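One letter stands for each residue in the lines below.
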Amino acid sequence: MIPLAVATAVAFLAALGMIFLYAPLEAVQGIPQKIFYVHVPLAWSTLVAVILLLAASLAFLWKRQPANDRLARSAAEVGALLATLVLITGSLWGKAVWGTWWTWDGRLTSTLVLWFLLVGYVLYRALAEGPREQTARVAAVIGVVAALDVPVIHLSVQWWRTLHPQPVVLRAGDVGGGLPGSMFATLLVSLAAFTLLLAVLVLARYRLAELEDEVEALWLRPALRRAPAGARTAPVL
Amino acid sequence: MSYLVAAYLLLWIGLFAYLTHLGARLRRLRDELRALARER
């Protein structure tokens, strides 16, 4: 965990150095275009988090192993954070370039739908009462539904041609071809930094989920369940 | 320029707030585990 965190910090320093010292200023947008180097990697990490959520949710529905549920709730919470940051950075970039904080464009709206689904997942896990197994099963279904939005987000710019630009990096048969080499290299370093950050956050959240399960298991043991009235009650984790 | 500064600032504030939140939850759970272990 610590070597991974150090690698993430180094990657972020390299990315910031490249963004502000190496990547050229874009001719039309100028300085606000540098939001691109965090907005796109944030969107990428969100999609990876949701794919993790999908894989862990399906694995949980199939095998019913608590480890898969822990991974699913870790990926969902980190995904919700990253999706929030995607919307914030996108909104600021939109205001600078389009002159509006928000528009009901296909890409923006489908990303907002994903945000609602992820925040809904996190709230459901925090507030649901009842057997853990049942809560985990319902949450896994929400996780799968959230992941169904990923292809919609990806294809939204082709389905509904409104304000959000067409892909410049992942174009069919021409990866990175829409960008000058120095911008593409900077984007790749930033993508690596945010992917490492995702790994660190999911691992840290997974460790927390292990502790939550340990505490809950201790509360559910018979000796503690028979605690006298007025004794401490189980915490909401 | 101000939009760029706001985007980077909010990004770091968001990440830092989440890490602080995780740290606080971790400490609370460890305390809870210790208290439960003492009770048993």
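Residues numbered from 1 in each chain as written. Chains lettered and ligands numbered in written order. Predicted model: local features only at pLDDT ≥ 70, side-chain atom pairs only at ≥ 80, totals over all residues.

Remarks on the overall build of chain B
Stage number 1. Along chain B, the regular secondary structure elements total one helix and zero strands.
Stage number 2. When its C-alpha atoms are laid out on the principal axes, chain B stretches across 60 × 5 × 5 Å.
Stage number 3. Within chain B, buried positions represent 12% of all 40 residues. (Helix = DSSP H or I, 4+ residues; strand = E, 2+ residues; numbered from the N terminus. Buried ≥ 20, exposed ≤ 12 C-beta atoms within 10 Å, placed from the backbone.)

What to know about the overall build of chain A
Stage number 1. A count of helical and extended segments in chain A gives eight helices and two strands.
Stage number 2. Scored against the burial criterion, the 237 residues of chain A give a buried share of 37%.
Stage number 3. Within chain A, counting contacts between residues at least 6 apart in sequence, those at least 24 apart form 77% of the total. (Contact = placed C-beta atoms within 7 Å.)

Looking at helix H1 (residues 2-22) of chain A
Residues and elements named next belong to chain A.
Stage number 1. Compared with an ideal rise of 1.5 Å per residue, which puts 21 residues at 30 Å, H1 spans 29 Å between its outermost C-alpha atoms and is within 8% of the ideal.
Stage number 2. All buried positions along H1 are accounted for by Thr8, Ala15, Met18 and Ile19. Summarising the axial view, the buried residues of H1 lie within an arc of 95°, below the 170-degree limit, and thus occupy one face. Facing away from the buried side of H1 by over 90 degrees, the exposed positions are Ile2, Pro3, Val6, Val10, Leu13 and Leu21.
Stage number 3. Buried residues in H1 make contact with helix H2 (36-63) and helix H7 (181-219). (Expected span 1.5 Å × (residues − 1). Arc of directions from axis to C-beta.)

Some thoughts on the interface of chain B and chain A
Stage number 1. Contact with chain B, which involves 19 residues of that partner, is made by 25 residues of chain A.
Stage number 2. Of the residues in the side of chain B that touches chain A, the class split is 14 nonpolar, one polar and four charged. (Nonpolar A, V, L, I, M, F, W, Y, C, P; charged D, E, K, R; others polar.)

Considering the packing of helix H4 (residues 106-127) of chain A against helix H6 (residues 149-159) of chain A
All names here are of chain A.
Stage number 1. Put simply, H4 and H6 touch, their axes get as near as 8 Å, and they point 170° apart. As far as their axial angle goes, H6 and H4 are roughly antiparallel. Contact residues: H4 offers Gly106, Arg107, Ser110, Thr111, Val113, Leu114 and Leu117, while H6 offers Asp149, Val152, Ile153, Ser156, Val157 and Trp159.
Stage number 2. Considering only residue class, the contact of H4 with H6 consists of seven nonpolar, four polar and two charged. (Axes fitted to C-alpha atoms, helices over the stretch in contact; angles between N-to-C directions. Parallel < 35°, antiparallel > 145°, perpendicular 65-115°, else oblique.)

Section: the packing of helix H3 (residues 66-97) of chain A against H7 of chain A
Residue and element names in this part refer to chain A.
Stage number 1. It is the contact of H3 with H7, at a shortest axis distance of 8 Å, that shows an interaxial angle of 130°. With respect to H7, the axis of H3 lies oblique. Two packed elements cross with a definite hand, and for H3 against H7 that hand is right-handed. Here Pro66, Arg70, Leu71, Arg73, Ser74, Ala75, Glu77 and Val78 of H3 lie close against H7, whose contacting residues are Leu198, Leu201, Val202, Arg205, Tyr206, Ala209, Glu210 and Asp213.
Stage number 2. Residues that form the contact of H3 with H7 fall into these classes: nine nonpolar, one polar and six charged. (Left-handed = near helix turned anticlockwise from the far one by under 90°.)

Digging into unusual backbone geometry
Stage number 1. Even without being a glycine, Arg64 of chain A presents a positive backbone phi close to 60°.
Stage number 2. Inspection of the secondary structure assignment puts Arg64 of chain A in the loop between H2 and H3.

What to know about the environment of Thr103 of chain A
All names here are of chain A.
Stage number 1. For Thr103, the location among the structural elements is in the loop between H3 and H4.
Stage number 2. Residues Thr103 and Leu58 lie 45 residues apart in sequence; the distance between their C-alpha atoms is 34 Å.
Stage number 3. In this structure, Thr103 is in contact with Leu108 and Leu163, ignoring residues within four places of it in sequence.

Describing the confidence of the model for chain A
Stage number 1. The share of residues in chain A with pLDDT of 70 or more is 88%, and the mean pLDDT across the chain is 88.
Stage number 2. Here helix H8 (residues 222-225) of chain A is the element of chain A with the lowest mean pLDDT, 54, and H2 of chain A is the one with the highest, 96. (pLDDT = per-residue confidence, 0-100.)

Focus: the environment of Tyr124 of chain A
Stage number 1. You can see Tyr124 of chain A is positioned in helix H4.
Stage number 2. Setting aside its immediate chain neighbours within four residues, Tyr124 of chain A contacts Ala139 and Ile142 of chain A.

Observations regarding H2 of chain A
Structural remark: α-helix, 3.6 residues per turn; residues separated by three or four positions point the same way.
Stage number 1. The terminal C-alpha atoms of H2 of chain A lie 40 Å apart, and with 28 residues this matches the ideal 40 Å at 1.5 Å per residue to within 8%.
Stage number 2. Just downstream of H2 of chain A lies Arg64 of chain A, where phi reads positive at about 60°.

Considerations on the nonpolar core
Residues and elements named next belong to chain A.
Stage number 1. Membership of the largest hydrophobic core comes to 64 residues, with the highest contact counts inside it found for Leu53, Ala72, Ala75, Leu118 and Ala146.
Stage number 2. In terms of residue count, the dominant contributor to this core is H3 (15 residues).
Stage number 3. Every residue in contact with Ala146, bar those within four places of it in the chain, is listed here: Val50, Leu53, Leu114, Leu117, Leu118 and Tyr121. (Core = buried A, V, L, I, M, F, W, Y, C linked by C-beta atoms within 7 Å.)

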